[in-house]
Each structure stands twice: as C-alpha cells, then as structure tokens.
Amino acid sequence: LPIWIDPLNLCLTKYYKYKMWITKEHLIPIKIEYYGKNKKLVKRMYGARIRRFSNVYAPTFIKIINVLKQTRTILSISKIITNIKFNKKIFQLSN
C-alpha cells in the first residue's frame, strides 16, 4: 500500500503532498508521486535495481518524470561512497 506524506511546513517544500511506495525489506522508495499546492500530480520518481553499498541500500536506477513539462531525467548510479568526512556547514538551512 502507498504511504501519503503531508509536509508539516509548506514553506520548506514546493510540494503539497507526497505518495510513496517503499520496499518492505529495506524501506527504500521505489515510487514517489509529488503533488503541487494545487493538489495535482507534478512529478513521478521510480527507483529500481536496489543494491548494497557498504552498509547502505540504494536504487541504482532512478527515473524522474515531470508530468507538467513532459520531460524525464534518468540517473544510473554505479558507485556510492559512505562515511565521508565533510564540513557540516555545507548543509545549512538558509532563508
């Protein structure tokens, strides 16, 4: 069954609602539907070919379809490096 996610603060996201299908085994999203603030479908994301990289499971094939613009993006992941040290200031919320 799909999971509906209602963002608590619409200011932090441009989507009104998410509908997500996840795998039972690893809790990895394999399909996500993104709905705009007008409550209409905006994008779909599909994840496939789930693989283990060290201690992390991730889809190695991701397809994102922009329903409104009728475009798509395909990502093919061949390598994921885990436990990398980085400056935490890189990921800051900004206004």
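Look up a bit, the structure's there.
Residues numbered from 1 in each chain as written. Predicted model: local features only at pLDDT ≥ 70, side-chain atom pairs only at ≥ 80, totals over all residues. Heavy atoms only, no water.

(A) Inspection of the pattern of salt bridges at higher detail. All told, the structure shown has two salt bridges when counted by the stated rule. For the salt bridge of Lys31 with Glu33, the shortest nitrogen-to-oxygen distance reads 3.7 Å. Of the charged contacts, one joins Glu33 and Arg44 as a salt bridge, the two residues approaching to 3.4 Å between their closest N and O atoms. On the criterion of sequence distance, the pair formed by Glu33 in strand β3 (residues 29-35) and Arg44 in strand β4 (residues 41-53) is long-range, its members being eleven residues apart. (Salt bridge = Lys/Arg side-chain N within 4 Å of Asp/Glu carboxyl O. Helix = DSSP H or I, 4+ residues; strand = E, 2+ residues; numbered from the N terminus.)

(B) How the structure looks around the pairing of strand β5 (residues 56-66). Pairing between β4 and β5: ten bridges, direction antiparallel. Its bridge partner being in β5, Phe53 is matched across the sheet by Val56. (Pairing = 2+ DSSP bridges.)

(C) Examining a nonpolar patch on the surface more closely. Side chains of Ile81, Ile84, Phe86, Ile90 and Phe91 sit close together on the surface and give an oily, nonpolar patch of about 580 Å² of accessible area. Considering the arrangement of structural elements, one finds Phe86 in the segment after β6 (71-76). (Patch = residues over 30% accessible without salt bridge, like charges linked within 9 Å, V, L, I, M, F, W, Y side chains within 5 Å. Areas by Shrake-Rupley, 256 points an atom, 1.4 Å probe, with all protein chains shown as cover.)

(D) Inspection of the packing of aromatic side chains at higher detail. Summed over all chains, the structure comprises three aromatic pairs. Put simply, the rings of Tyr15, Tyr18 and Tyr34 touch in pairs and so form one group of aromatic residues. Geometry around Trp21 places Lys31 over its ring, the cationic atom sitting 4.4 Å from the centre. Arg49 extends its terminal NZ or CZ atom over the ring of Phe61, reaching a point 4.6 Å from the ring centre. (Phe/Tyr/Trp six-rings, centres within 6.5 Å; stacked < 30°, edge-to-face > 60°. Lys NZ or Arg CZ within 6 Å of the ring centre and 35° of its normal.)

Functional significance is not addressed by these values, which are geometric in nature.
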